[in-house]
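Take a look at the letters that make up each chain.
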Amino acid sequence: MDTGWRGSREGWLDAARAALIEGGVDAVKIQPLAKRLKLSRTSFYWFFKDRDALLAALCEDWEAGTTAPLLAATQAYAATDTEAMLNVIACFLSGAFDAGLEYALRAWALSDDQIAETLRAADDQRLAALREMLAAHGHGPDEADARARAVYLVQIGYISMRTEETLEIRLSRIAHYVEIFTGRSATAEELARCEAQLYQAQDAHAEGGPSRPPNDGDDTA
């Protein structure tokens, strides 16, 4: 693809994502994005058919940055249910789950029935993955469902409230959250591995590692 005077597809998508997070879906318009990128408006059409195509790409980007990493976390290797829960918590707190984009899409869904339906389907898929994870570690169907909802609804509440906390504060609560969500206590070794993973992710963000921006209000613990 031409990445010269027309820019690039990823560049337009990055600008659209930033506009969505900063100003909502009404801010995702071709002319303001072109101005933001210092490109001509016609450059947009080399990469997207129209604004609807860009919005569809944003939905795909949201799914890749939220649902996909959460599902991967529920399926990651874990010897115990407490280790499995730490994998999920680390997904949210490490920045793998894009909370800023999640918040923006939930706001968009308030005025768009199609997006609301997409969001409901994602909620169902995420809850099912959490239930399956807990069931795989011996929790009965009803218990797995209740615990999955506790994990997920707490997290969505944090995102919706745009809560901001330091990593140290988050870490101080993780052991308690694991016990609430699983009914069991994580071992010192499990907690140490999770802590190391989160500090490593924090360092990577500080050094400009992953292309996605750090989460805004991504706290579970």
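Structure shown above.
Basis of the calculations
- Counting from 1, residues in each chain are numbered in the order their sequence is written.
- In keeping with the predicted nature of the model, local features appear solely for residues at pLDDT of at least 70, side-chain atom pairs appear and are counted solely at 80 or more, and the whole-chain, interface and lining totals rest on all residues.
- Only hydrogens and water are set aside when side-chain values are computed; all heavy atoms of the structure are taken into account.
- Exposed residues in this analysis have more than 50% of their type's maximum accessible area, buried residues have under 20%, and partly exposed residues fall in between, with area computed by a 1.4 Å probe over protein chains only.
- Counting from the N terminus, the helices are DSSP H or I runs at least four residues long and the strands are E runs at least two residues long.
- Working rule for contacts: check all heavy atoms of both residues, and any pair within 4.5 Å makes them a contact.
- In summary, the pairing rule links any two rings of Phe, Tyr or Trp, Trp by its six-membered ring, whose centres are within 6.5 Å, and it sorts them by plane angle into stacked for under 30 degrees, edge-to-face for over 60 and tilted for everything else.

**Q** Could you give me a rundown of helix 4 (residues 67-75), with the residues and numbers involved?
**A** The complete set of buried residues in helix 4 reads Thr-67, Pro-69, Leu-70, Leu-71, Ala-73 and Thr-74. Buried residues belonging to helix 4 abut helix 3 (51-65), helix 5 (81-94), helix 7 (113-136) and helix 8 (141-161).

**Q** Report on the environment of Ile-174, specifying residues and quantitative values.
**A** Checked against the element boundaries, Ile-174 lands in helix 9 (residues 167-182). As for Ile-174 and Cys-194, which are separated by 20 residues in sequence, their C-alpha atoms are 9.3 Å apart.

**Q** Tell me about the packing of aromatic side chains, residues and numbers included.
**A** Following the criterion strictly, the structure yields 5 aromatic pairs and no others. When the ring of Phe-44 is compared with that of Tyr-45, the centres are 5.2 Å apart and the planes differ by 90°; the resulting orientation is edge-to-face. For Tyr-45, a relative accessible area of 37% translates into the label partly exposed. Centroid distance Tyr-177 to Phe-181: 5.4 Å. Interplanar angle 40°. Geometry classified as tilted. On the criterion of helical spacing, the pair formed by Tyr-177 and Phe-181 is a turn pair, its members being 4 residues apart in helix 9. Classification of Phe-181 by relative accessible area gives buried; the value is 2%.

**Q** Break down unusual backbone geometry for me, citing the residues and quoting the values.
**A** You will see that Lys-38, though not glycine, has its phi angle at about 60°, which is positive. Owing to a relative accessible area of 76%, Lys-38 belongs among the exposed residues under this scheme. Residues other than glycine seldom take positive phi values, yet Arg-162 does so here, at roughly 55°. Here Arg-162 shows up in the loop between helix 8 and helix 9. In this structure Arg-162 comes out as partly exposed when scored by relative accessible area, which is 34%.

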